[in-house]
Amino acid sequence: MKKRSLVTLMILMLTVIIFSTLSFSTPAAGSDEMKRELLEDIISVDKPELFDDYGELYLAKAKTQAVIQGMEGKDVTWGTKEWVDIFLGIIDDFEEMADLSKSSVPSDHIEAIEIADNMDLNALSGYDISEIPMLAELALKRFYRSEGKFFEDISRNEKETELKIEYEKISSISYKKGGIYTLSDASRMEFESRRDEWVYKRDMRKASEFIDEASSHLDKARNPSSEIVGAAFMEIIRARDSFEKAKKIYEKHKDKELGNVKGIENEIKIVYHRLMLDTLKVVAIYLFILSFFTVIIWMDFKKWGEELDDTRLGEELIV
């Protein structure tokens, strides 16, 4: 009796396990209720401003709604809900991108591009809804083209060369992602960024060399190897000239490095003024000594002249 009960219990447990396994492996059946919920979610997406800018998204939304409406309730499953949710998430991302792209601040546009770069349209490709991902991709390419134009325009007016190059690169990449219509624009902006970057790096190397020269002359002015009067002053003049050449390059490119080398400029000014005073003191001493000897010589000449006059006067009296 006990053996029969034990066998019966084992059969019941096995039956429960089998049914549990089947329930997890079999996809959930669709329902009219899920169909209604999905249609409500789709219809509630009312973004006229976004759809005006990206008509492709409106068509994709209309296509999504038509697909769901044309399905039998039993066919609207959790798999259907997955791709609908993915699509609605894409629309939300587009709305955020569109809001950021209306800003005049470049960092907002960069943030919008980052959202676009992280958008996974391939997530829709696993479903039998070919037109919807295609329309979303067209909208995304339109976004990239507009961002390429934005960064091209601001690069034209940017005075800081380093930022200008960055904007040109972003413009080129965005144009490239915009599709075949803007590939020539992508190549043009890539050429401009490379050209400007080459000139910038060349000028920065020159500026760095001038700064090194200025620092070297400054050290020599502080610790002159020669006792010749004015040697240190000539070194500080060379230091000032070298720094001015570097400064002009940094100002040309509106480069931030100029702020980092301001300390050298201040040191040059301090040493220049000190050496100027020292030089003036030396010149003043020389002038004083020269004046002293000039007075002595003048007095000797005056005395000699007086004696000469007395001699002539005596000769005249004798005659």
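What you see is a predicted model, and the numbers here were worked out from it, not measured in a lab.

K.L.:
If you had to explain the overall build of the chain to someone new, which residues and values would you point to?
P.N.:
From N to C terminus, the chain includes twelve helices and zero strands. Ordered by position in the sequence, the α and β elements of the chain form the string α-α-α-α-α-α-α-α-α-α-α-α. Every one of the 319 residues in the chain was classed for burial, and the buried ones make up 33%. Split by element, the accessible area of the chain, about 20900 Å² in all, is 59% carbon and sulfur.

K.L.:
How would you sum up the confidence of the model for the chain? Please name residues and give values.
P.N.:
Chain-level pLDDT for the chain is 85 on average; 80% of the residues reach the 70-or-more range. Low confidence marks residues 16-27, where pLDDT is under 50. Its contacts with residues over four positions away, or in another chain, come to zero contacts.

K.L.:
Got a sec to walk through the side chain of glutamate 56? Specific residues and values, please.
P.N.:
Among the secondary structure elements, glutamate 56 is positioned in helix α4 (residues 55-69). Among the residues examined, glutamate 56 registers a relative accessible area of 11% and is labelled buried. With sequence-adjacent residues up to four places away left out, glutamate 56 is seen in contact with Leu135, Leu138, Ala139 and Arg142.

K.L.:
Report on a nonpolar patch on the surface, specifying residues and quantitative values.
P.N.:
Among the surface-exposed residues, Ile289, Phe293, Ile296 and Ile297 lie close enough to one another that they form a single nonpolar patch of about 340 Å² accessible area. Structurally, the position occupied by isoleucine 296 is in helix α12 (residues 262-318). By relative accessible area, isoleucine 296 is classed as partly exposed at 33%.

K.L.:
Any chance you could break down the nonpolar core for me, citing the residues and the numbers?
P.N.:
The nonpolar side chains of a soluble globular protein tend to be buried with one another. Of all hydrophobic cores here, the largest spans 42 residues; its most connected members are Tyr54, Phe94, Met97, Leu140 and Phe143. Contributions of two or more residues to this core are made by α2 (32-43), α3 (48-53), α4, α5 (78-101), α6 (106-117), α7 (131-157) and α8 (161-177). Of all hydrophobic cores here, the second largest spans 24 residues; its members include Tyr200, Ala232, Ala239 and Tyr250.

K.L.:
A description of the pattern of salt bridges should follow, citing residues and the corresponding values.
P.N.:
Enumeration over the complete set of coordinates arrives at 26 salt bridges. When the shortest N-O distance is used, the salt bridge between arginine 188 and aspartate 185 registers 2.8 Å. Of this pair, arginine 188 and aspartate 185 are both found in helix α9 (residues 183-222), three residues apart, which corresponds to roughly one turn of the helix. Several salt bridges share partner residues, and in doing so they unite Glu152, Arg156, Asp185, Arg188 and Glu192 into one network.

Parameters at a glance
- Residues numbered from 1 in each chain as written.
- Predicted model: local features only at pLDDT ≥ 70, side-chain atom pairs only at ≥ 80, totals over all residues.
- Heavy atoms only, no water.
- Helix = DSSP H or I, 4+ residues; strand = E, 2+ residues; numbered from the N terminus.
- Buried < 20%, exposed > 50% of the residue type's maximum accessible area, 1.4 Å probe, protein only.
- Areas by Shrake-Rupley, 256 points an atom, 1.4 Å probe, with all protein chains shown as cover.
- pLDDT = per-residue confidence, 0-100.
- Contact = heavy atoms within 4.5 Å.
- Patch = residues over 30% accessible without salt bridge, like charges linked within 9 Å, V, L, I, M, F, W, Y side chains within 5 Å.
- Salt bridge = Lys/Arg side-chain N within 4 Å of Asp/Glu carboxyl O.
- Core = buried A, V, L, I, M, F, W, Y, C linked by side-chain atoms within 4.5 Å.

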